[in-house]
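# Residue-level structural notes
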Amino acid sequence: METLIFKIRLLILAWVHFRSQSGPISMVKHFSNKDIKKATDGFRRVVYNSSNRVAYRAKFQNGHAAIVKEVRVFENQDDTAFYREVQLLGRLHHRHIAALNGFSSGPKRFLVFENMEKGSLKEHLSDPLMTPLNWRIRLQIAVGIAAALEYLHFFCDPPMYHVSISSSTIMLDKNFTAKLCDVSLLCSVENNPLPKSKCSKECRDEICKHTIFQLGLLILELVTGQSSEDGGVDLVQWVQDSRFRRRSIYQMIDPDLGDSYDFKELKGLLAVAKMCVQSIHKPTIKTPQILWYLQKKLGRTQVVC
C-alpha cells in the first residue's frame, strides 16, 4: 500500500512539474516601460546597484509599492530567454526569496518584486539613523539566506545558480524577514554570461564556491557591522587567522549589539563564516552542508519556507 501511495505521489509531482513548465507566463503582471518610469520617479529612486542589475523603489498609480529591477541585456540574449526567466522566477516560493509580481519587456526589461518595507540589510548595518538589528534577527538572517540557497540549488528545476549575496541585495520586509532579491538563470565565468543549460559542471562548481564565499562575507558583516568592500578591516584575513578568543572577538563585534548576544552562538557563527570563506580554495562545500552546520551550531533544526 505504501509503495502504491509513493508511486501516486510521484505521478502527481510529475504532472505538477509538467504543468509548471508549459503554457504562457501567468500569475505575474505585465507593466509598460512608461509605467515603470513613472513609478520609479524617472529611475531616481535607486535602492542598489549589482553586477548586472539596478534596483529601484517604485510606487504605482494604484498605490501599490514594489521593488523594480532593471535586467541587463547580454549580447545575443533574445526575448525568449527573458520570458523563460520570468516564468521560472515566478514559480519560486520561499520565505527568504523575494516574490516576483510582474515584469516589463520592450526597449528595457524590468522585474517587479514584492515591496520590502524595511529597506536593505546594508542600511540597517551602516546607517546610524536606522534601527539596529538585534542578535536574534541577525541569526535568523544567516540561517534564512542559507536555506534560500539550498532551495535554489537543490529544489529548483532547473537549479538557480546565479545569486548575488550582499547586505545591499538582501532586503527586509515589515517583519525584518530577510529576502534574496538578486536571483538569475545566468551564470558567468570570467565575465562571460551563459544560459544555465550551457553552463558546465566546472562552471557551476565555481559559481557555488563564489556564492558560499559571499555567504561567509555576509555572516562576517552581520557580526561586525563592517564590510570589507567599504575599505575597513580585512574581515576575511581576520576570520582566517582568528582563534576566536574573547578579546579578539570583542574588538571586532558590532558595537550596536552591546552585550546582548550569546557568546557560544557567536563563536559558532564565526566558525561557519570561516568555513565559507575558505571554501573558495577547496573542493566545493554544498549549500545543504552549510545550512546543516549553521543549524547545528545555533541549535536550530527548522527553517520555515
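Going by the structure above, here's the rest.
In short, a report on the structure. The shown structure was predicted, so the numbers you read here are calculated from the model rather than taken from an experiment. (Residues numbered from 1 in each chain as written. Predicted model: local features only at pLDDT ≥ 70, side-chain atom pairs only at ≥ 80, totals over all residues. Heavy atoms only, no water.)

## Quick look at the nonpolar core
Leu 152 and Leu 180 are the most contacted members of the largest nonpolar core, which has 77 residues in total. In terms of residue count, helix α5 (residues 135–154) provides more of this core than any other element does, 13 residues in total. Apart from the residues within four sequence positions on either side, Leu 152 is in contact with Leu 92, Ile 97, Pro 159, Met 160, Val 163, Leu 180 and Val 183. (Core = buried A, V, L, I, M, F, W, Y, C linked by side-chain atoms within 4.5 Å. Buried < 20%, exposed > 50% of the residue type's maximum accessible area, 1.4 Å probe, protein only. Helix = DSSP H or I, 4+ residues; strand = E, 2+ residues; numbered from the N terminus. Contact = heavy atoms within 4.5 Å.)

## Topic: the packing of aromatic side chains
In this structure the tally under the stated criterion is nine aromatic pairs. With a centroid separation of 5.9 Å and 50° between ring planes, the pair formed by Phe 82 and Tyr 83 is classed as tilted. Taking relative accessible area as the criterion, Phe 82 reaches 0% and is therefore assigned buried. Over the face of the ring belonging to Phe 43 we find Lys 108, whose NZ or CZ atom lies 5.3 Å from the ring centre. One residue, Arg 246, lies across the ring of Phe 263, its end atom 3.9 Å from the ring centre. (Phe/Tyr/Trp six-rings, centres within 6.5 Å; stacked < 30°, edge-to-face > 60°. Lys NZ or Arg CZ within 6 Å of the ring centre and 35° of its normal.)

## Concerning helix α9 (residues 263–278)
Working note: α-helix, 3.6 residues per turn, so residues spaced by three or four point in the same direction. Helix length check: α9, at 16 residues, gives a terminal C-alpha distance of 23 Å against a target of 22 Å (1.5 Å per residue), a fit within 8%. Along α9, the residues that are buried comprise Phe 263, Glu 265, Leu 266, Gly 268, Leu 269, Leu 270, Val 272, Ala 273, Cys 276 and Val 277. N-capping of α9 is provided by Asp 262, with a side-chain oxygen placed 2.9 Å from the backbone N of Lys 264. (Expected span 1.5 Å × (residues − 1). Polar contact = N/O pair within 3.5 Å; in protein donor to acceptor, adjacent residues only side chain to side chain.)

## Here we look at the environment of Leu 257
In this fold, Leu 257 is placed in the loop between α8 (246–252) and α9. In this structure the C-alpha to C-alpha distance between Leu 257 and Gly 225, which are 32 residues apart in sequence, comes to 9.3 Å. In this structure, Leu 257 is in contact with Leu 133, Asn 134, Trp 135, Arg 138 and Val 223, ignoring residues within four places of it in sequence.

Honestly, that's just the spatial picture; any functional story needs more than this.
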